[in-house]
Amino acid sequence: MRSISVVIPNFNGKHLFEKYFENNYKILNGLGTKVQIIVVDDASTDDSVEYLENHYGSKVTVIRKEINSGFAHTCNLGIQKATNDLIFLLNTDVTLEEGYFEKLYKYFELEDTFGVMGRIIGMEDDNILDAARSPRILGRKIKPSNFFYLKDSDSLTPTFYLSGAIALMDTRKLKEINGFNEMFNPYYGEDQEMSIRAWRLGWKCYYEHNAVCRHEVSATTKGHKDSYSVKRIYFRNRYYMHHLHLQGADLNFYHLQVILSDVLPSILTLQFYKAQAYVDFLRNINELKMKKTAFKKQMKTYKSNIGIIDVIENIHIMLKYKQVIKL
């Protein structure tokens, strides 16, 4: 059984550790394999770190940051510290059900597996909050589908991206793509963009419907920013993702589509967050170009020429003739 390094990003999550960590800790330590638990504290102002040190001591490695920077940078510090075969990203507001990992190990018997995630349901009910996604294209905007799973439980279910809250990934592959893109700080879309890079290098992301965890909705982001700022960050990161992975005429068409369908209506309706998000994107376009160039060089190293449109088509091919249950 492969060893696991658990990376837990934390910001003011003492109340969540009190509610959920002990259950997860017991499940992890009952796996019968080597487990490393790394908590990266994103400059919390509560007693999160003290709580962990008092209750778990040296059983948990704590990395303390002096400056709050966001999800991607926080996770990357933990990823760099991880030494085991697999890395499991775990949010503080998630509780695992028994048997979660045992249902995921089989995916790593396949050489091209990047990672796999399970089903996320509500903390108080069984409503599905996250499952597999199959992307669709509207113009040149790439949008995840509604949640789905395959009726045949023996079939492997591809997903466009892995949730950063509960993804189990191959450590070597995750480190080779340098983890999350920190331009996406403080949050939103970084797990999708990282998964797209994995797909484009020829690896696969999967979803396992029978591996279940529960999630307290928005527990880690509520109160972090006002709703206007959250929407501005969300759309900025959408523009980042498309610019990083669309090419040539597709990219030009996308920006025209964004100006006509996002920016101008945002200005005309005085709902400026999309327009401001696009300005934020333009301010950082040179850094995006450098990231894009660096990834192109990595693709050459892997002898891959897979574009994001190819990724979408490949996922649709994998689902062809399968009985898809839409949620």
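Residues numbered from 1 in each chain as written. Predicted model: local features only at pLDDT ≥ 70, side-chain atom pairs only at ≥ 80, totals over all residues. Heavy atoms only, no water.

### Comments concerning the environment of Gly118
Definition in use: Numbering goes from the N terminus for both helices and strands, where a helix is a DSSP run of H or I of at least four residues and a strand is a run of E of at least two. In this description, contact between two residues means that some pair of their heavy atoms is separated by no more than 4.5 Å.
Mapped onto the elements of the fold, Gly118 is located in strand β6 (residues 113–122). Setting aside its immediate chain neighbours within four residues, Gly118 contacts Tyr100, Asp130, Ile166, Tyr207, Glu208 and Ala211.

### Focus: the UniProt feature "domain: Glycosyltransferase 2-like" (unreviewed entry) in the protein
Rule in force here: UniProt positions are given in the numbering used here, feature names are shortened, and annotations may be inferred rather than shown by experiment.
As recorded in UniProt, the feature "domain: Glycosyltransferase 2-like" (unreviewed entry) lies at residues 5–176. Between the first and last C-alpha atoms of residues 5–176 the distance is 16 Å; the span itself is 24% helix and 30% strand.

### Describing the environment of Gln192
When you line up the elements, Gln192 lands in helix α5 (residues 190–200). Non-local contacts of Gln192, meaning those with residues more than four positions away in its chain, are made with Pro144, Phe160, Tyr161, Arg238 and Met241.

### Here's the deal with empty space enclosed by the protein
What counts, and what does not: Buriedness of a pocket was judged along seven lines, with at least five required to meet protein on both sides within 12 Å; pockets are open sets of points on a 1 Å grid over the protein atoms alone, cavities are sets where a 1.4 Å probe fits but cannot get out, and lining residues have an atom within 4 Å of a point. Grid points are joined across faces, edges and corners, and a volume is the space filled by probe spheres set on the points. Under the convention adopted here, Pro, Cys and the residues Ala, Val, Leu, Ile, Met, Phe, Trp and Tyr are nonpolar, Asp, Glu, Lys and Arg are charged, and Gly plus all remaining residues are polar.
Evaluated as defined, the whole model comprises one cavity of 30 Å³ or more. What the largest cavity holds in volume is close to 40 Å³. Looking at the largest cavity, the residues that line it are Ile8, Phe17, Tyr20, Phe21, Asn24, Leu90, Asn91 and Thr92. A total of four residues in the lining of the largest cavity trace back to one element, the largest contributor, which is helix α1 (residues 14–29). Class assignment of the residues belonging to the lining of the largest cavity gives a composition of five nonpolar, three polar and no charged.

### Some points on the nonpolar core
How we decide: Only buried residues count toward a nonpolar core. Its members are Ala, Val, Leu, Ile, Met, Phe, Trp, Tyr and Cys residues joined through side-chain atoms within 4.5 Å. The buried label goes to any residue with under 20% of its type's maximum accessible area, the exposed label to any with over 50%, and the partly exposed label to all in between, with areas taken from a 1.4 Å probe on protein chains only.
Counting residues in each nonpolar core, the largest one holds 95 residues, and the members touching the most others are Phe88, Phe101, Phe114 and Ile166. Element by element, the count of residues in this core is highest for helix α10 (residues 308–319), at six residues.

### Considering the pairing of strand β2 (residues 35–41)
Defined as follows: Only when DSSP finds a minimum of two bridges between them are two strands counted as paired. Look down the strands so they point away from you; if going from the first strand over the helix to the second traces a clockwise path, that crossover is right-handed.
Counted residue by residue, β2 has six buried out of seven residues, so it is predominantly covered. When strand β1 (residues 4–10) meets β2, the two strands line up parallel, connected through seven bridges. Pairing of Val6 across the sheet is with Ile37, part of β2. A crossover connection joins β1 to the parallel β2 through α1; in handedness this β-α-β unit is right-handed. As paired strands, β2 and strand β3 (residues 61–64) are joined by four bridges and run parallel to one another. Within β3, the position partnered with Ile38 by the bridge is Thr61. For the crossover that starts at β2, traverses helix α2 (residues 48–56) and ends in the parallel β3, the hand is right-handed.

### Re the packing of α1 against α2
This is how it is decided: To obtain each axis, a line is fitted to C-alpha atoms, and for helices this fit is confined to the stretch in contact; angles are then taken between N-to-C directions over 0 to 180 degrees. Each crossing is labelled by how the near helix is turned from the far one, with a counterclockwise turn of less than a right angle marking it left-handed and a clockwise turn marking it right-handed.
Where α1 contacts α2, the two axes come as close as 10 Å, and the packing angle between them is 35 degrees. For the element pair α1 and α2, the recorded crossing hand is right-handed. Facing α1, whose interface residues are Lys14, Phe17, Glu18, Phe21, Glu22 and Tyr25, α2 presents Ser48, Tyr51, Leu52 and Tyr56. For the contact of α1 with α2, the residue count by class is six nonpolar, one polar and three charged.

### Topic: the layout of surface pockets
By volume, the second largest pocket amounts to about 380 Å³. Surrounding the second largest pocket, 22 residues form its lining, Ile177, Asn178, Gly179, Arg197 and Lys291 being those nearest its centre. Of all the secondary-structure elements, those providing two or more residues to the lining of the second largest pocket are α3 (71–81), α5, α6 (227–245) and α9 (285–301). Counted by class, the lining of the second largest pocket contains six nonpolar, eight polar and eight charged residues.

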